[in-house]
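Chains, contacts and geometry: an overview
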Amino acid sequence: MPTACGAQILAPVFSDADAAALYDLLNPWDPARWPGDRFYHELVMDADSVLDVGCGTGAMLACAREDGHRGRLTGLDPDRAALDRARRHAGIEWSEGSAADAQWEAEFDLATMTGHAFQCLVTDTDLRSSLAAIHAALRSSGHFVFETRHPQARAWQDWNPSNASEITDAAGHALHVWHEVESVAGDVVTFTETTARPDATILRIDRASLRFLDAQTLGTFLAGAGFRIEAQYGDWHRGPITATSREIITIARKLSPHGPSHGHNMGR
Ligand SMILES: C[S@@+](CC[C@H](N)C(=O)[O-])C[C@H]1O[C@@H](n2cnc3c(N)ncnc32)[C@H](O)[C@@H]1O
């Protein structure tokens, strides 16, 4: 299921803090259970310094710290309510802002964008400025790792009320959450996320857009920003991208202005 990012709230009965708490209920971070979480967890635990761009409520970095990560962990997100939730986890730097706002210079070994946060970069301008800022934040030959839903799988076709999630919030209230696609314009899908009571009382509607880049266009953006694709997978078990893949999972390495460097390879 998608989650709204950069969302426009249409019926804000349910607060931003409520929405952030609901996000964690719907998307629990658990490397022991979810192959995608395990994929990132191993990379984070192996890196001395990590910048998680679009960190949301901060679950990935919090889990790494709890599991004994001793290096620098920094989360960046423009959503204040999500970051407020993240700030409950001590020993991690939490910074408010968009990817394009990142001001770090050569400070991180690894940058990540998990939970399809990369797809929140909708315009060419935002993609370019975000990639430039992430590139600058990485040390020489640092890695940028992220996933984007493969457009061939047309994931948005499943985003309809018949696939509603039913969940009980922390206060014991039953909630229904569903999605409805409003438009598909080129590679940008705009949809709403509705949160309601079981009696159909609407609590909140968020609208958001996500971009579905194909692998070739993605490669062009990465190369233009000074990254080389070191490995690309179609699933969380590091299988190749095929005609039925649902994901494009990318490990990209920062190229220095002086040409390719020879740091360790993450592609395995
Ligand atoms: C689906 S959530 C993923 C959160 C978290 N990474 C995870 O895996 O659970 C997408 C996140 O991207 C953030 N986001 C939206 N636009 C962004 C931008 N331009 N730069 C960085 N983060 C952004 C949203 O605020 C949201 O927290």
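One structure accompanies this document, and this report is about it. Computed from a predicted structure; not experimentally measured.

Thoughts on the environment of Trp159
Mapped onto the elements of the fold, Trp159 is located in the loop between β6 (138-149) and β7 (165-168). Looking at Trp159, the relative accessible area reads 4%, which means it is buried. For the pair Trp159 and Phe221, spaced 62 residues apart in the sequence, the C-alpha separation amounts to 27 Å. A polar atom in the side chain of Trp159 sits 3.4 Å from the backbone oxygen of Ala155.

A short note on the packing of aromatic side chains
Counted according to the given criterion, the structure contains 12 aromatic pairs. Their ring planes at 65° and their centres at 5.2 Å tell us that Phe39 and Trp236 sit as a pair that is edge-to-face. Linking Phe39 in helix α2 (residues 35-46) with Trp236 in the loop between β11 (227-233) and β12 (247-254), this pair joins segments that are 197 residues apart in sequence. Each ring, one from Trp159 and one from Phe191, has its centre 5.1 Å from the other, and the planes form 55°; the classification is tilted. Linking Trp159 in the loop between β6 and β7 with Phe191 in strand β9 (residues 188-196), this pair joins segments that are 32 residues apart in sequence. The class of Phe191 is buried, set by a relative accessible area of 0%. Through a chain of ring-to-ring contacts, three or more aromatic side chains come together here, namely Phe39, Tyr40, Tyr233 and Trp236.

Structural notes on the packing of α2 against helix α3 (residues 59-66)
Put simply, α2 and α3 touch, their axes get as near as 10 Å, and they point 55° apart. Relative to α3, α2 is oriented oblique. Where α2 crosses over α3, the handedness of that crossing is right-handed. On α3, the residues touching Tyr40, His41, Val44 and Met45 of α2 are Met60, Cys63 and Ala64.

What about the pattern of salt bridges?
Applying the stated criterion to the full structure yields 13 salt bridges. Measuring nitrogen to oxygen at the nearest pair gives 2.7 Å for the salt bridge that ties Glu93 to Arg72. Taken together, the residues Glu93 in strand β4 (residues 93-96) and Arg72 in strand β3 (residues 72-77) connect sequence positions 21 residues apart. Residue class for Arg72 comes out partly exposed when judged on its relative accessible area of 25%. Close ionic contact of Asp84 with Arg87 constitutes a salt bridge, the shortest N to O distance being 3.5 Å. On the accessibility criterion, Asp84 (43% relative accessible area) is partly exposed. For Arg87, a relative accessible area of 41% gives the class partly exposed.

Observations regarding unusual backbone geometry
A positive phi angle is found at His116, which is not glycine, with a value near 60°. Along the chain, His116 turns up in the loop between β5 (108-113) and α5 (124-137). Although it is not a glycine, Arg238 sits at a positive phi angle of roughly 65°. On the secondary structure map, Arg238 appears in the loop between β11 and β12. Owing to a relative accessible area of 22%, Arg238 belongs among the partly exposed residues under this scheme.

Reading the values: rules and limits
- Throughout this description, residue numbers start from 1 for each chain and increase along the sequence as written.
- The model is predicted, so local features are restricted to residues of pLDDT at least 70 and side-chain atom pairs to those at 80 or more, both for listing and for counting; the totals for chains, interfaces and linings are taken over all residues.
- Where side-chain values are given, they derive from all heavy atoms of the structure, hydrogens and water being excluded.
- Note on conventions: DSSP H or I runs of at least 4 residues are helices, E runs of at least 2 residues are strands, and numbering of each starts at the N terminus.
- Relative accessible area decides the class of each residue, using a 1.4 Å probe on protein chains only: under 20% of the type maximum gives buried, over 50% gives exposed, and in between gives partly exposed.
- For the purposes of these results, a polar contact is taken to be a pair of N or O atoms within 3.5 Å, where, inside protein, one atom must be able to donate a hydrogen and its partner to accept one; residues adjacent in sequence count only when each atom of the pair is a side-chain atom.
- Paired rings are identified among Phe, Tyr and Trp, the last through its six-membered ring, by centres lying within 6.5 Å, and are further divided according to the angle between planes into stacked (under 30 degrees), edge-to-face (over 60) and tilted (the rest).
- The angle between two axes is taken between their N-to-C directions and runs from 0 to 180 degrees, where each axis is a line fitted to C-alpha atoms and a helix contributes only its stretch in contact.
- The cut-offs work like this: below 35 degrees is roughly parallel, past 145 is roughly antiparallel, 65 to 115 is roughly perpendicular, and the gaps in between are oblique.
- Two helices cross in a left-handed way if the nearer one is turned anticlockwise from the farther one by less than a right angle. They cross in a right-handed way if the turn is clockwise.
- Whether two residues touch is decided by their heavy atoms; if any such pair falls within 4.5 Å, the residues are in contact.
- Put simply, a salt bridge is a Lys or Arg side-chain nitrogen that is within 4 Å of an Asp or Glu carboxyl oxygen.

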